[in-house]
Amino acid sequence: MKSILTLVYSTFLLFSCLNQNNGFKVEQWKNGWEFRVLSLDEVLSFQPELEDLDDGYAKYNIPHVSLESNSIEYYAVRKYWNDLKGLSHPSLYLRGLLSVLNIYCGKEKIISQFEIIEDQIVYNREFFPVVSLPKSCAGNHIYIVFFSRGNLPMGFTETPVYSDATANYKSFSNHNQTFASLGFFFWTLGLFSLYLYGRRKKKPLLAFTLFSVVSGIHFLSQVGFFGYFYYENATVNFYIFLFSLFIIPISCLYFFDKLFGVGRWNVIRMLWQFHILFTIVILLLAFTETISITIAIITFVWVCIPSLILQVIVAWGEVDAGKPKAWLLVLGASTLFVLNGHDVLAAMGVLQSTDRLSQWGFFFFVLSLTLYGENIFRNSEVKFNSLQKEIVTAARIQNAILPPIPPHWEDVSIEVYYKPSHEVGGDFYDFQALGSKKYGLLIADVVGHGLGASIIASLSKFAFFQNFKYWTNPSFLLSAMNDCLVVKSFGRFTTATYFYLDMERRRFLVSSAGHPSFFHWKEEDKKLVEIKPKGKPLGILPELVFFEEEHSFGVGDRFLFYTDGLTEEENEEGTPFGSLGLKESLVGSIGNKDPEVMNTILSDFQKFTNLKTSPHDDVTLICLHILK
């Protein structure tokens, strides 16, 4: 259904807007024009009958290219009109950017777009770019008096069209309909692409959004959407047209870079970066009136040709690589190249054509990119959904390797808080009752987070159980786990602390593999001690030796273990919660004789960070309380 709707829309847009379907004969009035430069006094006293006797007119080319950059410059152009060509209502359709003072046919002044009143240029609201020609002036010169402001193009930027008034009105209507339809079409694509980017955060979607929105701005500027293109002031609208024109190839190549570009010496990337530099230089030259804007636009057209050729080559490269539906890229890029070439050759006079086709090349090019990108995104969605299912499975597996609830040990109360930053995380912990009132506690943190970290966490947990015979010897346990992980974790390291508690001797042994310190609250002394045994992380270097520390404890003592996701979480000012914040929260809750120390710490953590989503790293917090 989507393909059918796309085909119907494209066909309707094509056949409703092409000038060839209007049923009237049109003629390109490109040849036979002459011009001369006027002074202001000559403009004010312009008389066609005297101009007919003037031999100082030179050949005028369309488009007229000039390096002159005077603030205001006046031109008179003329063409001898000797044949009605069987038209009942002859007219001229003046296309492109115009700044017309007066139009004369024979001795008769037909209409003015602007008038000079008391040295002020005033807009005439009755002007329309389709100018009816009285039959009585056949066999006379048609004079058009132009003016240019600053460095903007002046005169005919496109060839005038001579035809019946009805045909020219329809051509004007079709032009606006075509460009407005394309403009809103590109904006719609841009908004939809932005919506998709909001869902998946893929850079090609953001690049395509930029490309589509800029393209829409460019086409809408050509029908005066951002101001009156043919009315009081065309300057603002023209500058929008100019800037969007120069940004289009940059955004297009940037999209190609994000979609296909790889490697450090990426030609596509270097080309869009070159276009940025070219745009800055050429527009600076134009706005400082070193060159005319007409020259800048012509230079832009020729600089864009290598980009078009590269896009065709890249499209063929995708076909050669066997990418699905890559033929769409070839079709779109080739159509863009051919139809843009048609307009360039028509402007140069090599082809005799009144029609502009580059917009259709651009339309089919963007349409092909959309369909190809939709195919890539759909495949990505399938893979994403499949990956989501795998992540759900991984989360279930990880939950299975974590203790479902804290164990109930004699004389020891245990509280645990665990919060992964994604569906799965790299933190894990375990408790083991070893008999004779001896207990073991492991807390570990795999570097990073997400699916990869969870897989290494599962391997680490397996290494922990595989070396169960060392559960009473912390240093030997970490050495054995390290030897297992060195060959399996592929350079992704794990920090860990193993805590061995002997309730009969009132002693504990602890060994650390690069893990953050833990806190020991001594109830008898009312003192908090920070303990951090030295040791390197697991999984990097083989045959590591870890050190043990032995300490005593008493009734009422507390132990607090954590992973760095807690202390490294920052508030809105970028300040981390830190081990100092954790220490103050622990001391404050114990000093206030709070029976729920864990809840107080988490409350202080939330108030400090003001977290509204998941933490940036996995957070684990374990609190042991010696009851008797």
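The structure we're discussing is the one just above.
Because the structure is predicted, anything quoted here is derived from the model rather than measured. (Residues numbered from 1 in each chain as written. Predicted model: local features only at pLDDT ≥ 70, side-chain atom pairs only at ≥ 80, totals over all residues. Heavy atoms only, no water.)

Participant: Please clarify how the overall build of the protein should be interpreted in this entry.
Facilitator: Looking only at helices and strands, the protein has 15 helices and 22 strands in total. Out of the 628 residues in the protein, the part that is buried amounts to 50%. The contacts of the protein with a sequence gap of at least 6 include a subset with a gap of at least 24, amounting to 74%. (Helix = DSSP H or I, 4+ residues; strand = E, 2+ residues; numbered from the N terminus. Buried < 20%, exposed > 50% of the residue type's maximum accessible area, 1.4 Å probe, protein only. Contact = heavy atoms within 4.5 Å.)

Participant: Before we go on, may I ask you to explain unusual backbone geometry in this structure?
Facilitator: Excluding glycine, a negative phi dihedral is what most residues carry, and trans is how most peptide bonds are arranged. Phi at Lys 85 is positive, roughly 60°, even though this residue is not glycine. For Lys 85, the location among the structural elements is in the loop between β4 (72-81) and β5 (90-93). Non-glycine residue Arg 506 carries a positive phi angle of around 55°. Tracing the chain through its elements places Arg 506 in the loop between β16 (494-502) and β17 (507-513). For Arg 506, a relative accessible area of 27% corresponds to the partly exposed category.

Participant: Would you explain the packing of aromatic side chains in this entry?
Facilitator: What describes a pair of aromatic rings is the distance from one ring centre to the other and the angle between the planes of the rings. Within the structure shown, the criterion is met by 50 aromatic pairs. Here Phe 499 and Phe 559 contribute two aromatic rings whose centre-to-centre distance is 5.0 Å and whose plane-to-plane angle is 55°, an arrangement assigned as tilted. Taken together, the positions of Phe 499 in strand β16 and Phe 559 in strand β21 (residues 558-562) put the pair 60 residues apart, joining distant regions of the chain. In this structure, Phe 499 and Phe 559 share a single accessibility class: buried. Taken together, the ring pairs connect Phe 179, Phe 185, Phe 186, Phe 219, Trp 360 and Phe 363 into an aromatic cluster. Between Arg 78 and the ring centre of Tyr 57, over which it is positioned, the NZ or CZ distance is 3.8 Å. (Phe/Tyr/Trp six-rings, centres within 6.5 Å; stacked < 30°, edge-to-face > 60°. Lys NZ or Arg CZ within 6 Å of the ring centre and 35° of its normal.)

Participant: I would appreciate a short explanation of the packing of helix α6 (residues 235-260) against helix α7 (residues 267-287) in the present structure.
Facilitator: The packing of two helices is summarised by the inter-axis angle and the distance between the axes. Two numbers describe how α6 lies on α7: the axes approach to 7 Å, and their chain directions differ by 165°. On the basis of their axis angle, the class for α6 and α7 is roughly antiparallel. In the crossing of α6 with α7, the sense of the turn from one axis to the other is left-handed. Where α6 abuts α7, its residues Tyr 239, Leu 242, Phe 243, Phe 246, Pro 249, Ile 250, Leu 253, Tyr 254, Phe 256 and Asp 257 lie against Ile 268, Arg 269, Leu 271, Trp 272, His 275, Ile 276, Phe 278, Thr 279, Ile 282, Leu 283 and Phe 287. Partitioning the contact of α6 with α7 into residue classes produces 17 nonpolar, two polar and two charged. (Axes fitted to C-alpha atoms, helices over the stretch in contact; angles between N-to-C directions. Parallel < 35°, antiparallel > 145°, perpendicular 65-115°, else oblique. Left-handed = near helix turned anticlockwise from the far one by under 90°. Nonpolar A, V, L, I, M, F, W, Y, C, P; charged D, E, K, R; others polar.)

Participant: Explanation requested: the packing of α7 against helix α8 (residues 293-320) in the structure shown.
Facilitator: One can describe the packing of α7 onto α8 by two numbers: an axis separation of 10 Å at closest approach and a directional angle of 175°. It follows that α7 is roughly antiparallel to α8 by the angle criterion. For the pair α7 and α8, contact is made by Val 267, Ile 268, Leu 271, Phe 274, His 275, Phe 278, Ile 282, Ala 286 and Phe 287 and by Ile 293, Ala 296, Thr 299, Phe 300, Val 303, Cys 304, Ser 307, Leu 310 and Val 314, respectively. Of the residues in the contact of α7 with α8, the class split is 15 nonpolar, three polar and no charged.

Participant: Explanation requested: the sheet that holds strand β10 (residues 130-132) in the structure shown.
Facilitator: Sheets are built from strands paired through backbone hydrogen bonds, the pairs being either parallel or antiparallel. The four strands are arranged β1-β12-β5-β10 in an open sheet whose pairing can be described as antiparallel. On the outer flanks of this sheet lie β1 (26-28) and β10, each paired with one strand and no other. For this sheet, the mean angle separating the axes of adjacent strands, direction not counted, is 25°. Relative to strand β12 (residues 161-164), β5 is paired through four bridges, and the arrangement is antiparallel. When the bridges of β12 are listed, Ser 91 appears paired with Ser 163. Docked against the sheet, helix α4 (residues 165-200) engages β5, β10 and β12, running at close to 120° with respect to β12. (Pairing = 2+ DSSP bridges.)

Participant: I would appreciate a short explanation of the nonpolar core in the present structure.
Facilitator: General note: in soluble globular proteins, nonpolar side chains tend to be found buried as a group. Membership of the largest hydrophobic core comes to 47 residues, with the highest contact counts inside it found for Phe 499, Leu 501, Phe 508, Phe 559, Phe 561 and Leu 624. No other element matches strand β15 (residues 438-446), which puts six residues into this core. In contact with Leu 624, other than residues within four places in its own chain, are Val 412, Ser 413, Ile 414, Leu 441, Phe 499, Asp 557, Arg 558, Phe 559 and Phe 561. The next biggest cluster of nonpolar side chains, apart from the first, holds 39 residues, and it includes Phe 185, Ala 207, Val 214 and Leu 329. (Core = buried A, V, L, I, M, F, W, Y, C linked by side-chain atoms within 4.5 Å.)

Participant: Explanation requested: the state of the cysteines in the structure shown.
Facilitator: Disulfides are covalent bonds that connect the sulfur atoms of two cysteines. The full count for this structure, using the stated rule, is one disulfide. Through a disulfide, Cys 105 is tied to Cys 137; the S-S separation comes to 1.7 Å. In this structure the cystine formed by Cys 105 and Cys 137 twists about its S-S bond by roughly 75°; its chirality is therefore right-handed. In this pair, Cys 105 sits in strand β6 (residues 100-105) while Cys 137 sits in the loop between β10 and β11 (140-149), placing the two residues 32 residues apart along the sequence. With a relative accessible area of 2%, Cys 105 lands in the buried category. (Disulfide = S-S within 2.5 Å.)

Participant: Is there a simple way to think about α7 in this case?
Facilitator: An α-helical turn contains 3.6 residues, so a residue and the one three or four places further along point in the same direction. Between its first and last C-alpha atoms α7 spans 30 Å; for 21 residues at 1.5 Å apiece the expected length is 30 Å, and the two agree. The set of residues buried in α7 consists of Ile 268, Leu 271, Trp 272, His 275, Phe 278, Thr 279, Ile 282, Leu 283 and Ala 286. Here the buried residues of α7 occupy an arc of 115° about the axis, which is enough to place them on one side. Set apart from the buried face of α7 by more than 90 degrees, the exposed residues are Leu 277 and Leu 284. Looking at the buried side of α7, the elements it contacts are α6 and α8. Where α7 ends, the next residue or the one after it, Glu 289, has phi of about 65°, a positive value. (Expected span 1.5 Å × (residues − 1). Arc of directions from axis to C-beta.)

Participant: Explain the sheet that holds β15 here, please?
Facilitator: Strand order in the open sheet formed by five strands is β14-β15-β16-β17-β20, and the pairing between neighbours is antiparallel. Both edges of this open sheet fall to β14 (427-435) and β20 (549-552), since each of them pairs with a single strand only. Direction aside, neighbouring strands of the sheet carry axes that sit 15° apart on average. Bridge count between β15 and β16: nine bridges; the pairing is antiparallel. Note on β16: the bridge partner recorded for Asp 445 is Thr 495.

Participant: Would you mind going over the side chain of Thr 279 with me for this structure?
Facilitator: Along the chain, the position of Thr 279 falls in helix α7. Classification of Thr 279 by relative accessible area gives buried; the value is 11%. A distance of 2.8 Å separates the side chain of Thr 279 from the backbone oxygen of His 275, its partner in a polar contact. In this structure, Thr 279 is in contact with Phe 246 and Ile 250, ignoring residues within four places of it in sequence. (Polar contact = N/O pair within 3.5 Å; in protein donor to acceptor, adjacent residues only side chain to side chain.)

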